[in-house]
Amino acid sequence: MTDDQEREQDQAREQERAQERERDQERLALEKQRERYVWYYLAYFLFGIHLIAFVMIYAVKHAG
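Residues numbered from 1 in each chain as written. Predicted model: local features only at pLDDT ≥ 70, side-chain atom pairs only at ≥ 80, totals over all residues. Heavy atoms only, no water.

Q: Quick rundown of the overall build of the protein? Include the residues and the values.
A: For the protein, the helix and strand inventory stands at one helix and zero strands. Taking 64 residues into account, the globule formula puts the C-alpha radius of gyration at 11 Å, and the protein, at 28 Å, lies well above it. Taken over the C-alpha atoms alone, the protein extends approximately 95 × 10 × 5 Å along its principal axes. Counting across all 64 residues of the protein, residues that qualify as buried make up 0%. When the accessible surface of the protein is totalled, it reaches about 6600 Å², and 59% of it is carbon and sulfur. (Helix = DSSP H or I, 4+ residues; strand = E, 2+ residues; numbered from the N terminus. Rg over C-alpha atoms; globule rule 2.2 N^0.38 Å. Buried < 20%, exposed > 50% of the residue type's maximum accessible area, 1.4 Å probe, protein only. Areas by Shrake-Rupley, 256 points an atom, 1.4 Å probe, with all protein chains shown as cover.)

Q: Would you mind going over the pattern of salt bridges in detail, with residue names and values included?
A: Per the counting criterion, the structure on display carries six salt bridges. The partner of arginine 17 in a salt bridge is glutamate 14, with the nearest N and O atoms 3.3 Å apart. Here the residue arginine 17 and the residue glutamate 14 both occupy positions in helix α1 (residues 3-61), the gap between them amounting to three residues, near one helical turn. Take arginine 17: its relative accessible area is 43%, and that puts it in the partly exposed class. Classification of glutamate 14 as partly exposed rests on a relative accessible area of 39%. A salt bridge links arginine 21 to glutamate 14; the nearest nitrogen and oxygen atoms lie 3.5 Å apart. Residue classification places arginine 21 among the partly exposed residues on the basis of a relative accessible area of 46%. If you follow the salt bridges from partner to partner, you end up with Glu14, Arg17 and Arg21 in one network. (Salt bridge = Lys/Arg side-chain N within 4 Å of Asp/Glu carboxyl O.)

The values reported here are purely geometric and, on their own, carry no functional implication.
Encoded structure:
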């Protein structure tokens, strides 16, 4: 193999690695965003459950 061919192969490998790193970064960013949404949904769910529980407790205590 000549030096030019080796250089081209090295450049191709480096470009492939760069694209792979970029895809990994995008995947991690999307995963982080989805994880954040899961925590938001969990927080809203727990808040809703407690709100319902407080309303039910109030209703039972003030039932005639």
